[in-house]
Amino acid sequence: MTITEFLTPEDWLGKGTGPRYVQLRRRLEEAIEQGILSPNASLPPERELAELTGLSRVTVRKAIQELVAKGAIIQRQGSGSFVRDAAPRVEQSLSVLTSFSEDMQRRGLETRSTWLERGVFMPSPEEMVALGLGADASVARIARIREAGGKPMAIERAALPTDILSNPLLVTTSLYEVLEAEGLRPVRAIQKISAINLEEDDAALLDVEPGVAGLSIQRTSYLASGRVAEFTRSTYRGDAYDFVAELRLSNAKDKR
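Since this is a predicted model, take the numbers as computed values, not measurements.

Chemist: Hey, could you run me through the overall build of the protein chain in this one?
Modeler: The helix and strand inventory of the protein chain stands at 8 helices and 10 strands. Going through the 256 residues of the protein chain one by one, you find that 43% of them count as buried. Of the contacts made within the protein chain by residues no fewer than 6 positions apart, 61% connect residues no fewer than 24 positions apart. Summing over all exposed atoms, the protein chain offers an accessible surface of approximately 14100 Å²; the carbon and sulfur share of this is 48%.

Chemist: Sorry, what's going on with the packing of helix 2 (residues 20-33) against helix 4 (residues 57-69) here?
Modeler: For any two helices packed against each other, the geometry is given by the interaxial angle and the distance between the axes. In the contact formed by helix 2 and helix 4, the axes pass within 8 Å of each other and the chain directions differ by 50 degrees. Here helix 2 lies oblique to helix 4, going by the angle between them. Between helix 2 and helix 4 lies a crossing of right-handed hand. Contact with helix 2, carried on its side by Arg20, Tyr21, Leu24, Arg25, Leu28 and Glu29, involves Thr59, Val60, Lys62, Ala63, Glu66 and Leu67 of helix 4 and no other residues of that element. Tallied by class, the residues present in the contact of helix 2 with helix 4 amount to 6 nonpolar, 1 polar and 5 charged.

Chemist: Help me understand the sheet that holds strand 7 (residues 188-197) in this model?
Modeler: Sheet strands associate in pairs through backbone hydrogen bonding, adopting either a parallel or an antiparallel arrangement. The 6 strands are arranged 4-5-6-9-8-7 in an open sheet whose pairing can be described as antiparallel. Whereas interior strands pair on both sides, the edge strands pair on one side only; in this sheet they are strand 4 (111-121) and strand 7. Going across the sheet, the axis of each strand differs from the next one's by a mean of 15 degrees, ignoring polarity. Pairing geometry for strand 4 and strand 5 (residues 139-148), over 10 bridges, is antiparallel. Bridge pairing in strand 5 links Trp115 to Arg144.

Chemist: Whenever I open this one, the pattern of salt bridges confuses me. Can you help?
Modeler: Where charged atoms of side chains with opposite charge meet at close range, the side chains can pair. This structure, assessed with the given rule, holds 16 salt bridges. Between Glu156 and Arg146 there is a salt bridge, and its shortest N-O distance comes to 3.3 Å. Of this pair, Glu156 sits in strand 6 (residues 151-161) while Arg146 sits in strand 5, and the two are 10 residues apart along the sequence. Here Glu156 matches Arg146 in class, with each residue buried.

Chemist: Looking at this model, I keep getting lost on the packing of helix 3 (residues 46-53) against helix 4. Mind explaining?
Modeler: The N-to-C vectors of helix 3 and helix 4 enclose an angle of 110 degrees; their axes lie 9 Å apart at closest approach. By the criterion of interaxial angle, the relationship of helix 3 to helix 4 is roughly perpendicular. Considering only the axes of helix 3 and helix 4, their crossing is right-handed. Two secondary-structure elements touch here, helix 3 through Glu46, Arg47, Leu49, Ala50 and Thr53 and helix 4 through Arg57, Val60, Arg61 and Ile64. Looking at side-chain class alone, the contact of helix 3 with helix 4 contains 4 nonpolar, 1 polar and 4 charged residues.

Chemist: Explain the nonpolar core to me, please; I cannot follow it from the model alone.
Modeler: Core analysis: the largest hydrophobic core is formed by 22 residues, its most contacted members being Leu7, Leu24, Leu28, Leu37, Leu43 and Val60. Within the residue set of this core, elements represented by two or more residues are helix 1 (3-6), helix 2, helix 3 and helix 4. With residues near it in sequence (within four places) discarded, Leu37 still touches Ile3, Leu28, Ala31, Ile32, Ser42, Leu43 and Val83. One finds Ile142, Leu160, Leu175 and Leu223 within the second-largest nonpolar core, a separate group that totals 13 residues.

Chemist: Would you mind showing me how to read the side chain of Glu230 here?
Modeler: Inspection of the secondary structure puts Glu230 in strand 9 (residues 228-237). A distance of 2.6 Å separates a polar atom in the side chain of Glu230 from a polar atom in the side chain of Tyr176. Within the structure, Glu230 has its side chain in polar contact with the side chain of Ser221 (distance 2.7 Å).

Chemist: How should empty space enclosed by the protein be read in this particular structure?
Modeler: To find leftover empty space, one rolls a probe the size of a water molecule over the atoms. All told, the structure shown has 2 cavities of 30 Å³ or more when counted by the stated rule. As a volume, the second largest cavity reaches approximately 60 Å³. Lining the second largest cavity are Ser99, Phe100, Ser101, Arg144, Arg146, Glu156, Thr173, Ser174, Leu175, Tyr176, Arg219 and Glu230. Tallied by class, residues from the lining of the second largest cavity come to 3 nonpolar, 4 polar and 5 charged.

Chemist: Sorry, what's going on with the confidence of the model for the protein chain here?
Modeler: Detailed reading of the predicted coordinates is not advisable wherever pLDDT falls low. Chain-level statistics for the protein chain give a pLDDT mean of 87 and a share of 88% at 70 or above. The element-level mean pLDDT for the protein chain is lowest in strand 3 (residues 90-93), coming to 62, with helix 6 (residues 125-131) highest at 95.

Chemist: How should I be thinking about the packing of aromatic side chains in this particular structure?
Modeler: Each aromatic ring pair is summarised here by two numbers: the centre-to-centre distance and the angle between the ring planes. Within the structure shown, the criterion is met by 0 aromatic pairs. Positioned over the ring face of Tyr21 is Lys62, at 4.3 Å from the centre of the ring. It is Arg188 that lies over the ring of Tyr222; its NZ or CZ is 4.2 Å from the centre.

Thresholds, definitions, all that
Residues numbered from 1 in each chain as written. Predicted model: local features only at pLDDT ≥ 70, side-chain atom pairs only at ≥ 80, totals over all residues. Heavy atoms only, no water. Helix = DSSP H or I, 4+ residues; strand = E, 2+ residues; numbered from the N terminus. Buried < 20%, exposed > 50% of the residue type's maximum accessible area, 1.4 Å probe, protein only. Contact = heavy atoms within 4.5 Å. Areas by Shrake-Rupley, 256 points an atom, 1.4 Å probe, with all protein chains shown as cover. Axes fitted to C-alpha atoms, helices over the stretch in contact; angles between N-to-C directions. Parallel < 35°, antiparallel > 145°, perpendicular 65-115°, else oblique. Left-handed = near helix turned anticlockwise from the far one by under 90°. Nonpolar A, V, L, I, M, F, W, Y, C, P; charged D, E, K, R; others polar. Pairing = 2+ DSSP bridges. Salt bridge = Lys/Arg side-chain N within 4 Å of Asp/Glu carboxyl O. Core = buried A, V, L, I, M, F, W, Y, C linked by side-chain atoms within 4.5 Å. Polar contact = N/O pair within 3.5 Å; in protein donor to acceptor, adjacent residues only side chain to side chain. 1 Å grid on protein atoms, 1.4 Å probe; cavity = no way out; pocket = protein on both sides within 12 Å on 5 of 7 lines; lining within 4 Å. Points joined across faces, edges and corners; volume = space filled by probe spheres on them. pLDDT = per-residue confidence, 0-100. Phe/Tyr/Trp six-rings, centres within 6.5 Å; stacked < 30°, edge-to-face > 60°. Lys NZ or Arg CZ within 6 Å of the ring centre and 35° of its normal.

Okay, structure coming up:
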């Protein structure tokens, strides 16, 4: 079926089923899900979509803008609107402390890093507090774009005390593999997850439109001794990750 046939309004556009721009947005989402509009395919121009559906160009534009905001469509100046080539969607457990490389390898996805920063620096005030460092201390810092399946998935910015990671250049793939070789791999962590809209710089690094949904994760990891070993701030694509936590019934008796 062609997109022209799929958008025949008699098949989906009706009264009492929501605003017309919402109906069109849903219909275009169905076309993407069913492969009628394949990844990287161009959408018909607004004028043509208006003629096909009998809707106004304002309504068509609003439907497309919603798809852009959701990350399903990208717009290229002078070229039109295109279906985004979706990143592989990953489900990650919140109950197990693993590295990005380990997560992706278990799923059979090849990983790659594009380095943004790697070296020893003076710590920022935030890093000093998180790692318990003095003002005259140094911090090993690594920042990189993490890719899987050929797609950028996350921006990872990690800071560690230099007596835990003395040479950041040793980290080529998995940070935790380097730490494990030194007997300094973290055994537990506290993570704070926040929903965000990606700002322009991070959106460009992740190859998505500015303002689309993302996840900000701040993690503080600890050695078995209880010492803080790692402070990491990561930004994830919202269309690529689902974080899953297993919950169990408490053994504590209800004292009410």
